Amino acid sequence: MVSAGLVPSANDVLVIGGGPAGLAAALAARQIGFDVVLADRAQPPIDKACGEGLMPDALDALRPIGVDLGSGHGSPFGGIRFLDEKLEAEASFPCGSFGLGVRRTELHRILVSRAQDVGVVALWGKKIEGIDPTGVVIDGRTIRSRWIIGADGFHSRVRQWAGLAPPVWNGVRRIGLRQHYRIRPWTDFVEVYWRKDCQAYVTPIGANEVCVAMVSTKERGASDLTDMFPALANQLSGAESVGPTRGAISMSAKLRSVISGRVALVGDASGSVDAVSGEGLGLAFRQANCLATALAAGDLERYDTSHRRMGRMPRLMARILLLLDGNDRLRRMAFRKLAAHPRIFSSLLAVHVGVLRRSELATGVQLSPRSRADVDKREASRLPQIDCPEIP
Ligand SMILES: Cc1cc2nc3c(=O)[nH]c(=O)nc-3n(C[C@H](O)[C@H](O)[C@H](O)COP(=O)(O)OP(=O)(O)OC[C@H]3O[C@@H](n4cnc5c(N)ncnc54)[C@H](O)[C@@H]3O)c2cc1C
């Protein structure tokens, strides 16, 4: 930790918010050679309600900023399983790739330690009070900065200060509750238990621990788990709950623009995707990498364009999945299809994690090992032709 007195009087980049998005943005900017200061009102390690699953493409997006979450962290998972009262369908990630379940505080610790190693100046326990034409205001004084990155989460104030907040939000607001349980994971898949208007996501996060996040349009308590998801409650029976229950809002929300003057938004501050997509963190890490490239070029417009493109697929997937959330009949039909044709589920998952393009879905292209970065690069070069519906 560094005291405000030691902060350089003028910086290249000041990051407001030291959650995963802010830390990734700070690391990416530092990697390019910028002097970076990051401030967060909380003290590390910072916890937050989350399903705690990093999809394979999220792990890929961490590598360029020097964070390789291989063995020794969390618990790998090989795919996704959907379950409702009667049906089960599952798909493995393509090309033998895997995701990682990792406690939010552990992920935070890893990112903070990397930031410290590469020379990001971190101000913990410092609330940013505003931005002005030369920098940001902390403790009543301005710290000058050439660029300001707003990474202050779903309820972002920076978004408001920069005039980027929409007058009203259109998306469906859902409430997420997270609880950890001490139990040996019974599967190496992330399980998603479905009921009308509610899911429970179960992520293995250690040899002896799982994370359960229940997300619903209605306010629910952890005790509702037994009534809503008896099969899951049965799996968890006798398991001790560990640590506090945490809650957070989950919602797909899109901004018209994520840049204004010297300010750029990243992570949930820049618009979020519903938890059902499992892509919030991966998206934030990819945004961080793109933002650093745009800063190096001194061209934030470039980031605005990439940001729009990157959010399309996760938002579309979230929208489709939320149709299943609200309609029992539709969900059963879809689950029956996915269970009977596992290749369809595998291909959809491959599109979701960026290994297969949507246009290749119909042609039944064989999956070959390639990364989301390859697909992103190719899609960027054909940007004007991409036919993606705008999500309201
Ligand atoms: C129930 C639930 C389950 C989810 N499951 C998954 C999942 O399994 N996988 C996945 O990839 N994503 C998941 N997500 C999404 C993911 O959690 C978010 O996308 C991610 O937390 C966004 O990170 P962030 O850094 O943008 O925001 P945050 O983590 O909210 O960080 C914002 C930071 O800004 C700080 N801050 C705010 N205001 C100020 C200020 N004025 N001054 C200084 N600091 C400030 C806060 O203290 C905080 O540390 C889930 C979300 C929910 C709600």
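Predicted model, so just to flag it, every value in this text is computed and none were measured.

Each value, and the rule that gives it
Residues numbered from 1 in each chain as written. Predicted model: local features only at pLDDT ≥ 70, side-chain atom pairs only at ≥ 80, totals over all residues. Heavy atoms only, no water. 1 Å grid on protein atoms, 1.4 Å probe; cavity = no way out; pocket = protein on both sides within 12 Å on 5 of 7 lines; lining within 4 Å. Points joined across faces, edges and corners; volume = space filled by probe spheres on them. Helix = DSSP H or I, 4+ residues; strand = E, 2+ residues; numbered from the N terminus. Near = heavy atom within 4 Å. Polar contact = N/O pair within 3.5 Å; in protein donor to acceptor, adjacent residues only side chain to side chain. Areas by Shrake-Rupley, 256 points an atom, 1.4 Å probe, with all protein chains shown as cover. Patch = residues over 30% accessible without salt bridge, like charges linked within 9 Å, V, L, I, M, F, W, Y side chains within 5 Å. Salt bridge = Lys/Arg side-chain N within 4 Å of Asp/Glu carboxyl O. Buried < 20%, exposed > 50% of the residue type's maximum accessible area, 1.4 Å probe, protein only. Phe/Tyr/Trp six-rings, centres within 6.5 Å; stacked < 30°, edge-to-face > 60°. Lys NZ or Arg CZ within 6 Å of the ring centre and 35° of its normal. Expected span 1.5 Å × (residues − 1).

Novice: If you had to explain empty space enclosed by the protein to someone new, which residues and values would you point to?
Specialist: With a probe scaled to a water molecule rolled over the atoms, the places where space remains empty come into view. This model, assessed by the stated rule, comprises six cavities of 30 Å³ or more. Estimates place the volume of the second largest cavity at around 70 Å³. In this structure, the second largest cavity is lined by Leu177, Arg178, Gln179, Tyr181, Val212, Met214, Ala222, Leu225 and Thr245. Looking at the lining of the second largest cavity, the elements that each hand over two or more residues are strand S12 (174-182) and strand S15 (209-216). The biggest single contributor to the lining of the second largest cavity is S12, with four residues.

Novice: Talk me through the site of the ligand; I want residue IDs and the actual numbers.
Specialist: Close to the ligand lie 33 residues, the nearest being Asp40, Gly51, Gly53, Arg104 and Leu281. In the environment of the ligand, a nitrogen atom lies 2.9 Å from a nitrogen or oxygen atom belonging to the backbone of Ile128. The backbone of Leu281 places a nitrogen or oxygen atom 2.8 Å from an oxygen atom of the ligand. Considering the ligand on its own, with 1000 Å² of exposed area, one finds that the protein chains cover 93% of that surface. Secondary-structure elements contributing two or more residues to the shell around the ligand are helix H1 (20-32), strand S2 (36-40), strand S16 (240-250) and helix H7 (280-297).

Novice: A description of a nonpolar patch on the surface should follow, citing residues and the corresponding values.
Specialist: There is a patch of nonpolar side chains on the surface, built from Leu323, Leu330 and Met333 and spanning about 280 Å² of accessible area. Mapped onto the elements of the fold, Leu330 is located in helix H9 (residues 328-340). Judged by its relative accessible area of 32%, Leu330 falls in the partly exposed class.

Novice: Report on the packing of aromatic side chains, specifying residues and quantitative values.
Specialist: Enumeration according to the criterion identifies five aromatic pairs in this entry. Measuring from centroid to centroid gives 5.8 Å for Phe77 and Phe93, while their planes differ by 50°, and the two rings are tilted. Of this pair, Phe77 sits in strand S4 (residues 75-77) while Phe93 sits in the loop between strand S6 (88-92) and strand S7 (99-101), placing them 16 residues apart in sequence. One exposure class covers both Phe77 and Phe93, and it is buried. Ring centres of Trp194 and Phe335 lie 5.7 Å apart, and the angle between their planes is 85°; on these two criteria the pair is classed as edge-to-face. Taken together, the positions of Trp194 in strand S13 (residues 190-195) and Phe335 in helix H9 put the pair 141 residues apart, joining distant regions of the chain. Take Trp194: its relative accessible area is 1%, and that puts it in the buried class. Using a relative accessible area of 0% as the deciding quantity, one classes Phe335 as buried. What links up through ring pairs into an aromatic cluster is the set Phe82, Trp194, Phe335 and Phe345. Its guanidinium or amino end placed over the ring of Phe189, Arg81 lies 4.8 Å from that ring's centre, counting from NZ or CZ.

Novice: So what's going on with H7? Which residues, and what values?
Specialist: At 3.6 residues per turn, the α-helix brings residues three or four places apart onto the same side. The terminal C-alpha atoms of H7, which comprises 18 residues, lie 26 Å apart, in line with the 26 Å expected from a rise of 1.5 Å per residue. For H7, a buried count of 13 out of 18 residues is recorded, marking the element as mostly surrounded by other parts of the structure. Just downstream of H7, Gly298 is the residue with a positive phi angle, here 65°.

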